[in-house]
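# Overview (structure and organization)
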Amino acid sequence: MNPKYSVVIPILNEEESIDELLSQIDTAFAKLKEKYEIVFVDDGSTDTTLDLLKKHAQKNPSIHIYSFRRNLGKSTALTLAFQKVKGEFVVTMDADLQDDLANLPAMIKTQKEGNYDLVSGWRKNRKDSMLKIINSRFFNSFIIPMLFQVNFKDMNSGLKLYRSELAKEIKIYGGMHRFIPILAKEMGFKVKEEVITHKERKYGVSKYKSTKIFTDIPDLMTMYFLVKYTRRPLHFFSKLGGLLLATGTLILLYLIIIKLLGHSIGTRPLLTFGVLFEIAGIQTIFTGLLADLMVNFNRVNREEDLPIKYKS
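Residues numbered from 1 in each chain as written. Predicted model: local features only at pLDDT ≥ 70, side-chain atom pairs only at ≥ 80, totals over all residues. Heavy atoms only, no water.

## Describing the packing of aromatic side chains
One pass over the structure, following the stated rule, counts 7 aromatic pairs. Between F236 and F237, the ring centres sit 5.3 Å apart and the planes meet at 85°, which makes this aromatic pair edge-to-face. Here F236 falls in the partly exposed class, since its relative accessible area comes to 28%. According to the relative accessible area criterion, F237 is buried, its value standing at 17%. Ring pairing ties together the aromatic residues Y5, F29, Y36 and F89, which thus form one cluster. (Phe/Tyr/Trp six-rings, centres within 6.5 Å; stacked < 30°, edge-to-face > 60°. Buried < 20%, exposed > 50% of the residue type's maximum accessible area, 1.4 Å probe, protein only.)

What follows is the structure, encoded as structure tokens:
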């Protein structure tokens, strides 16, 4: 008989937290009185994390472990785990003990009342560094609503409750795990945020780097393109290419007029810019045509493509 809940935990160098983490999970589901499994994805840990997980798995058959030979990122870890879960619902959480499973009953209640496909935790009183909080609020309060016309307060919360259909269908890679609520909504699933409590980190150090904001911006651009233009990339490239063509045409028309008035244009830098804009515009539009042809051949991470070192 399959479990009702699958707990998915990407983990990287969290050896101090494992015992307490598993104890908290056992306590939470003992209160729920529901059958569950735990799927760990070790994302290339270099400490004793994998060894400790193996010891626990030997005692508890509901624990399943997948381990990458090197660090591949949270999106890849979640993608693999989502394909392996057997539960009707999937609970994701981080391994650093900051996510509090005492919030799970309220999230389950919200899911049932609204028949939601995804209930995402909102760390309203977040216990993180000021840099992390400012970065999160900047993106969630200003950039995200402007680009995607949605009003999510905390998209990157680790604690989420999914229907398994959503977990298995969603495709994420790179830094796209930060935008799962947007992706789910775009796919037509019902999404709801639930206020949760958030704990301070007890062991180890945060994997967050001060330079992370510079990697968030390219990921955001990727998300914008995927959400707005995945099925019609030519619309994006034709707008950009059309702008370049129009600019080049205006420049060349201006040069033609002054040439007819008797002025020399052969040595003017503007002539070079005009020709470059025309060429760039044509190339951009043809890139859009190629993207339209290739859009149905996009590939995402598959198990056979991943360097898995160990699984149980």
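There is more to say, and it comes next.
## Regarding the environment of P181
Structurally, the position occupied by P181 is in helix 7 (residues 180–186). Considered as a pair, P181 and L118 are 63 residues apart in the sequence and their alpha carbons are 7.6 Å apart. (Helix = DSSP H or I, 4+ residues; strand = E, 2+ residues; numbered from the N terminus.)

## A short note on the pairing of strand 2 (residues 36–42)
Counted residue by residue, strand 2 has 7 buried out of 7 residues, so it is predominantly covered. Of the two faces of strand 2, the one holding Y36, I38, F40 and D42 and the one holding E37, V39 and V41 are both buried throughout. Read as a crossover between parallel neighbours, the route from strand 1 (residues 5–11) over helix 1 (residues 18–32) to strand 2 is right-handed. Of the pairings in the sheet, the one linking strand 2 to strand 3 (residues 63–68) comprises 5 bridges and is parallel in character. If you follow V39 over to strand 3, its bridge partner there is H64. Crossover handedness for the path strand 2 to helix 2 (residues 49–59) to strand 3: right-handed. (Right-handed = clockwise from strand over helix to strand, strands pointing away. Pairing = 2+ DSSP bridges.)

## Re the packing of helix 9 (residues 233–260) against helix 10 (residues 269–294)
Viewed as axis vectors pointing N to C, helix 9 and helix 10 meet at an angle of 160°, and their least axial separation amounts to 7 Å. Relative to helix 10, helix 9 is oriented roughly antiparallel. In this structure, helix 9 crosses over helix 10, and the sense of that crossing is left-handed. Of the residues in the contact of helix 9 with helix 10, the class split is 19 nonpolar, 11 polar and 2 charged. (Axes fitted to C-alpha atoms, helices over the stretch in contact; angles between N-to-C directions. Parallel < 35°, antiparallel > 145°, perpendicular 65-115°, else oblique. Left-handed = near helix turned anticlockwise from the far one by under 90°. Nonpolar A, V, L, I, M, F, W, Y, C, P; charged D, E, K, R; others polar.)

## Some remarks on helix 4 (residues 104–114)
Buried within helix 4 are the following residues: L104, M107, I108, T110, Q111 and G114. All buried residues of helix 4 fall inside an arc of 160° around its axis, so they share one side. Turned more than 90 degrees off the buried face of helix 4, the exposed positions are K109, K112 and E113. N115 sits one or two residues past helix 4 and shows a positive phi near 50°. (Arc of directions from axis to C-beta.)

## Focus on the side chain of S45
Inspection of the secondary structure assignment puts S45 in the loop between strand 2 and helix 2. From its side chain, S45 meets the backbone nitrogen of N13 in a polar contact 2.8 Å long. Separated by 2.5 Å, the side chains of S45 and D42 make a polar contact. In this view, S45 contacts I11, L12 and N13; residues no more than four positions away in its chain are not counted. (Polar contact = N/O pair within 3.5 Å; in protein donor to acceptor, adjacent residues only side chain to side chain. Contact = heavy atoms within 4.5 Å.)

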